[in-house]
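# Fold and geometry: a report
Each chain is listed here by its residues.
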Amino acid sequence: MRKHIVSVLGGNSAVSDEALTQAESLGRAIVDNGWLLCTGGRSGIMEAASIGAKKSDSWTGHQIIGILPNENHGSGNQYLDVELPSGLGLARNALVVRFCDVCVALSGGAGTLSEIALAWQFERPVAVMSNSGGWSERLSGMALDHRQPPINGFEEVSQVIDWIKHQLDT
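Below is a summary of the structure that appears in this document. Keep in mind that this is a model prediction, so the values were computed, not measured. (Residues numbered from 1 in each chain as written. Predicted model: local features only at pLDDT ≥ 70, side-chain atom pairs only at ≥ 80, totals over all residues. Heavy atoms only, no water.)

### Comments concerning the sheet that holds strand β5 (residues 102-106)
How we decide: Note on pairing: two strands pair once DSSP finds at least 2 bridges between them. Labels follow the DSSP assignment, with helices taken as runs of H or I lasting at least four residues and strands as runs of E lasting at least two, numbered in each case from the N terminus. Helix axes are fitted only over the stretch in contact, all axes being lines through C-alpha atoms; the angle between N-to-C directions runs from 0 to 180 degrees. Pairs of residues are marked as contacts when any of their non-hydrogen atoms sit within 4.5 Å.
In spatial order, the strands read β4-β3-β2-β1-β5-β6-β7; together these seven strands make up an open sheet with parallel pairing. Of all strands in the sheet, those with a lone pairing partner are β4 (82-85) and β7 (152-154), marking the two edges. For this sheet the average axis-to-axis angle between neighbouring strands, irrespective of direction, equals 25°. Here strand β1 (residues 5-10) runs beside β5; their pairing, made up of five bridges, is parallel. Bridge pairing in β5 links Ser 7 to Cys 103. Strands in contact with helix α1 (residues 17-32) are β1, β2 (36-39), β5 and β6 (126-129); relative to β5, the strand with the most contacts, it is inclined by about 160°. Helix-sheet contacts for helix α2 (residues 45-55) involve β1, β2, β3 (64-68) and β5, and the interaxial angle to β2 is about 165°.

### A look at the environment of Asp 81
With respect to the helices and strands, the residue Asp 81 is situated in the loop between β3 and β4. For the pair Asp 81 and Trp 59, spaced 22 residues apart in sequence, the C-alpha separation works out to 10 Å.

Structure, rendered in structure tokens:
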């Protein structure tokens, strides 16, 4: 049976401690639920989600995927199980959202904004942590265009996990 992939999107710098804590809890809950975690493989939100995933009692050493912008193996955060150096620079953002079933964004600057917009265009369900700052907070409840209903915003990790379960069941 194919495992579902949940991509966690978010900035690698200028991230609040609260957003990092949320990302860590989210990463852990993703693996707890039997899903795979995919990120851009770098620091900040991506690393915090990876740390949380690795803390899950369900972690087996094969569930944390990082799609890196450069071509260098070993350049991702130390918590990745699978490191995919794309060599695509920022274009790797398209892969992070294209390969997943569902996206959740926390905080974030221009890179996260591009990932949210790409997820929207690829018609991937996308939610944001509405109290995490950055573009995630700004886009909570907004529709980017006619393709999907407004972006769901959540304040609690448990709420976003329930939303993911609903998305994956339909």
